[in-house]
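What the coordinates show
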Amino acid sequence: MRKILSILLENESGALSRVIGLFSQRNYNIESVTVAPTDNPTISKMTIQTIGEEKVIEQIEKQLHKLIDVLSVIKIDKKTHIEIETMLVKVQKNQKNQSEIYRITNIFQGKIVNMTTCTYVIQLSESSEKIDIFINLIKEISKILEIVRSGIIGITKN
């Protein structure tokens, strides 16, 4: 089961490695992690996406609360939070596929951020599921040369 944790922690050296260490100690894989300072430069927000059983996530969550650097841990769900991921994808273009690439990019409200005679670089900020759908559609009409994904970030709706 896919789980996302939003963690507020003190912006100090070693804090990130202690949080990540809890996952590795339990042989638990992290699908994505993003970390950035908040409006308070002494506090960072970390968003971790993982896939696993509820019991193990609950154990990790309890252990996170015990870390000195951790201020809060919140499970993100789609009912109460908005989650977004940003992707850059470089695709091969030619006379046959360029209008179709442009059309699909517009449907997904993406943006072509760079263009050469033979490639497009497309930026898309959406849910992970929509990004996956976009990738599958683009694969059908063009060769994907490179993909870079940021990892999920999330915020409460209220």
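Residues numbered from 1 in each chain as written. Predicted model: local features only at pLDDT ≥ 70, side-chain atom pairs only at ≥ 80, totals over all residues. Heavy atoms only, no water.

1. Section: the overall build of the protein chain
On a plain count of helices and strands, the protein chain comes out with four helices and eight strands. On the principal axes, the C-alpha backbone points of the protein chain span a range of 60 × 35 × 30 Å. When the 158 residues of the protein chain are sorted by exposure, 38% land in the buried category. Taking as baseline every contact in the protein chain between residues at least 6 positions apart, the subset at least 24 positions apart corresponds to 71%. Taken as a whole, the protein chain presents about 9,500 Å² of accessible surface, with 53% of it coming from carbon and sulfur. (Helix = DSSP H or I, 4+ residues; strand = E, 2+ residues; numbered from the N terminus. Buried < 20%, exposed > 50% of the residue type's maximum accessible area, 1.4 Å probe, protein only. Contact = heavy atoms within 4.5 Å. Areas by Shrake-Rupley, 256 points an atom, 1.4 Å probe, with all protein chains shown as cover.)

2. Structural notes on the packing of helix 3 (residues 98-107) against helix 4 (residues 128-141)
As a packed pair, helix 3 and helix 4 sit with axes 10 Å apart at the nearest point and diverge in direction by 170°. In terms of axis orientation, helix 3 runs roughly antiparallel to helix 4. Residues E100, I101, I104 and T105 of helix 3 form the contact with helix 4, whose participating residues are F134, L137, I138 and I141. Broken down by class, the residue content of the contact of helix 3 with helix 4 amounts to six nonpolar, one polar and one charged. (Axes fitted to C-alpha atoms, helices over the stretch in contact; angles between N-to-C directions. Parallel < 35°, antiparallel > 145°, perpendicular 65-115°, else oblique. Nonpolar A, V, L, I, M, F, W, Y, C, P; charged D, E, K, R; others polar.)

3. Side note on the sheet that holds strand 6 (residues 111-115)
Taking strand neighbours across the sheet as the criterion, the four strands line up as 6-7-5-8 in an open arrangement whose pairing is antiparallel. Sheet topology places strand 6 and strand 8 (144-156) at the edges, where each strand pairs with a single neighbour. This sheet shows a mean twist of 15° between the axes of neighbouring strands, independent of strand direction. Taken together, the four bridges between strand 6 and strand 7 (residues 119-126) define a ladder with antiparallel strand orientation. Of the residues in strand 7, the one forming a bridge with K111 is Q123. Set on the sheet, helix 3 makes contact with strand 5 (81-92), strand 6 and strand 7; between it and strand 7 the angle comes to about 15°. The strands touched by helix 4 are strand 5, strand 7 and strand 8; relative to strand 8, the strand with the most contacts, the crossing angle is about 165°. (Pairing = 2+ DSSP bridges.)

4. Considerations on the sheet that holds strand 4 (residues 70-76)
The antiparallel open sheet is built from four strands, whose spatial order is 2-3-1-4. The open sheet terminates on both sides in strands that have one partner only, identified here as strand 2 (30-37) and strand 4. Neighbour-to-neighbour, the strand axes of this sheet turn through a mean angle of 15°, independent of strand direction. Pairing analysis gives seven bridges linking strand 2 to strand 3 (residues 43-51), with the strands arranged antiparallel. Opposite P37, over in strand 3, you have S44 as the bridge partner.

5. Focus: the environment of P37
Positionally, P37 belongs in strand 2. Every residue in contact with P37, bar those within four places of it in the chain, is listed here: N11, I43 and S44.

6. Looking at a nonpolar patch on the surface
Taken together, L16, V33 and V35 make up a surface patch of nonpolar side chains, about 210 Å² in accessible area. Inspection of the secondary structure puts V33 in strand 2. For V33, a relative accessible area of 35% gives the class partly exposed. (Patch = residues over 30% accessible without salt bridge, like charges linked within 9 Å, V, L, I, M, F, W, Y side chains within 5 Å. Salt bridge = Lys/Arg side-chain N within 4 Å of Asp/Glu carboxyl O.)

7. Here's the deal with unusual backbone geometry
In terms of backbone geometry, most residues other than glycine have negative phi values and most peptide bonds are trans. A positive phi angle is found at Q109, which is not glycine, with a value near 55°. Relative to the helices and strands, Q109 is located in the loop between helix 3 and strand 6. Given a relative accessible area of 69%, Q109 falls into the exposed group.

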